[in-house]
Amino acid sequence: MPADPLAFLADEIAELKAKSLYRPLKVLQSEQKATSQIDGKQVVNLSSNNYLGLTTHPRLIEAACAATRRYGVGSAAVRTIIGTMALHEELEAKLARFKHTEAALVFQSGFTTNVAVCQSLMTAESDLLISDELNHASIIDGARLAKAPRKIYAHKDMAGLHKILEEGKGARRILIVTDGVFSMDGDIAPLPDIVELAEKYGAMVMVDDAHASGVLGANGRGSVSHWKLDGRVAIQIGTLSKAIGSVGGYVAGTQLLRDYLIHKARPFLFSSSCPPSVAATCIAALDVLLEEPQLIELMWENARYFKAGLVRLGFDTGASETPITPVIAGDTARAMRLSDRLYQEGVFAQAIGFPTVAEGKARVRTIVSAAHSRAELDFALLAFAKVGRELELIR
Ligand SMILES: *Cc1c(COP(=O)(O)O)cnc(C)c1O
């Protein structure tokens, strides 16, 4: 028998286990909702990105079923061959109206959207891509695929950004990329300052609103609406996988940007389009954002209530300004212990450790949605109080 060429995997896994970084997948046996069946137990679910409870909204379910019955289950082609269905175009027109931009283009996920845009816009050694150190992994990977050199500034450090811009003055194209809401800390990017610097240096700004769409701004339009920067941010990225409740990502910007990406963005050119049910679901979700804005208000009320409760108990919730509220536990093992104990007490909040967050800043990350009841939030706060004292995170 020849030696197993994959034998090294056993060592790699053993190493993860030795560092207590090995985590079996948690399995959801119910719909994604405020109280869910996870690994065989009913628990208050504080880990989904289902901000508005749209994963189970009747209008979205009906739209998905109707589109499947009418158009089938898949597109079976890439967009540039024959995978562009009328529903895709309808969704894009609707997204553009929603974002107050000329045009929008949908990709298979938020991840591929970021990769596609960074790679296709930054095509020469003489370009410059500038990124916040806490930007999402998909921006980091997009930057790696780009031909341009990349420069990283310390988190939200505008003096650092200014310095990089000053040093990079001769670049052919400059792209500044930032998360609108940072996914691990729930803080908001200083977009007005970024835009002001970008305008001074003739740079493009790209904001990734994965956690801001459906959350910030009028009707959940995102960071640009939140900061009243309409027309001043060249590239807005959104996801359809979080608050929108389905899956996919999009770019909103000018018609020229859309045309360019259709011809140059590799995930658009070489990966098939989303099924009609997904496009129809997202169209219905945008209608819900426009017609039921009370869901967004309810989510914010719940988020403020829960965050205030954690702070009152004495937890360190970091720099959070949004429904993403981390509960900082210290080292990774302690964060995992906190998460495990919460689960035993009937609350699911996933632990996030190094290297996703800095060493010593391991945490459980909570996200409260419009779908949580006060009773569910109070139940979760009681569990946090009990377990927090036990682990000596609070007194
Ligand atoms: C989740 C996330 C993405 C990826 O979106 P998907 O649609 O899940 O691929 C991109 N950027 C940020 C900041 C995110 O939090």
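A quick note: this is a predicted structure, and the numbers were derived from the prediction, not measured.

The rules we used
- Residues numbered from 1 in each chain as written.
- Predicted model: local features only at pLDDT ≥ 70, side-chain atom pairs only at ≥ 80, totals over all residues.
- Heavy atoms only, no water.
- Pairing = 2+ DSSP bridges.
- Helix = DSSP H or I, 4+ residues; strand = E, 2+ residues; numbered from the N terminus.
- Contact = heavy atoms within 4.5 Å.
- Axes fitted to C-alpha atoms, helices over the stretch in contact; angles between N-to-C directions.
- Near = heavy atom within 4 Å.
- Polar contact = N/O pair within 3.5 Å; in protein donor to acceptor, adjacent residues only side chain to side chain.
- Areas by Shrake-Rupley, 256 points an atom, 1.4 Å probe, with all protein chains shown as cover.
- Nonpolar A, V, L, I, M, F, W, Y, C, P; charged D, E, K, R; others polar.
- Domains from an automatic or database assignment.
- Salt bridge = Lys/Arg side-chain N within 4 Å of Asp/Glu carboxyl O.

How would you explain the sheet that holds strand β13 (residues 362–367) if you had to name every residue and give the values?
Strand order in the open sheet made by the 3 strands is β10-β13-β12, with antiparallel pairing throughout. Edge positions in the open sheet fall to β10 (324–330) and β12 (351–352), since each of these has one partner strand only. Inspection of the sheet shows β10 paired to β13 by 6 bridges, in the antiparallel sense. Note that in β13 the partner of Pro-326 across the bridge is Arg-365. The sheet contacts of helix α13 (residues 294–313) involve β10 and β13, and relative to β10 the element is tilted by about 20°. Packed onto the sheet, helix α14 (residues 332–344) meets β10, β12 and β13 and runs at close to 40° relative to β13.

Now, about the site of the ligand: what can you tell me, with residues and values included?
Near the ligand there are 15 residues, and of these Gly-110, Asp-208, Thr-239, Ser-241 and Lys-242 occur at the shortest range. Between Phe-111 and the ligand, the recorded distance is 2.9 Å, taken from a backbone N or O atom to an oxygen atom. Take Lys-242: an N or O atom from its side chain is 2.6 Å from an oxygen atom of the ligand. For the ligand, whose free accessible area comes to 380 Å², the fraction covered by protein is 86%. Of the residues forming the shell around the ligand, the biggest block, 3 residues, is contributed by helix α5 (residues 110–121). Taken together, the residues of the shell around the ligand sort by class into 2 nonpolar, 10 polar and 3 charged.

Lay out the sheet that holds strand β11 (residues 347–348) with the relevant residues and their values.
Spatial strand order, β1-β2-β11: 3 strands in an open sheet with mixed pairing. Each of the sheet's edge strands pairs with one partner strand only, and the pair in question is β1 (35–38) and β11. With 4 bridges connecting them, β1 and strand β2 (residues 41–45) associate as antiparallel partners. Bridging across to β2, Thr-35 finds its partner in Val-44.

Any chance you could break down the domain arrangement of the protein for me, citing the residues and the numbers?
Size of an interface, as often reported, equals the accessible area lost when the parts are brought together. One can read the domain layout of the protein as domain 1 (21–50 + 293–390) and domain 2 (57–291). With 21 residues of domain 1 in contact, the opposing surface of domain 2 contributes 21 residues. The tally of links between domain 1 and domain 2 comes to 2 salt bridges. A salt bridge links Asp-185 to Arg-363, with the nearest nitrogen and oxygen atoms 3.0 Å apart. Elements that contribute at least two residues to the side of domain 1 that touches domain 2 include exactly α13, β10 and β13. Counting residues per element, the side of domain 1 that touches domain 2 draws most heavily on α13, which supplies 5 residues. In the side of domain 1 that touches domain 2, the residues fall into 12 nonpolar, 6 polar and 3 charged.

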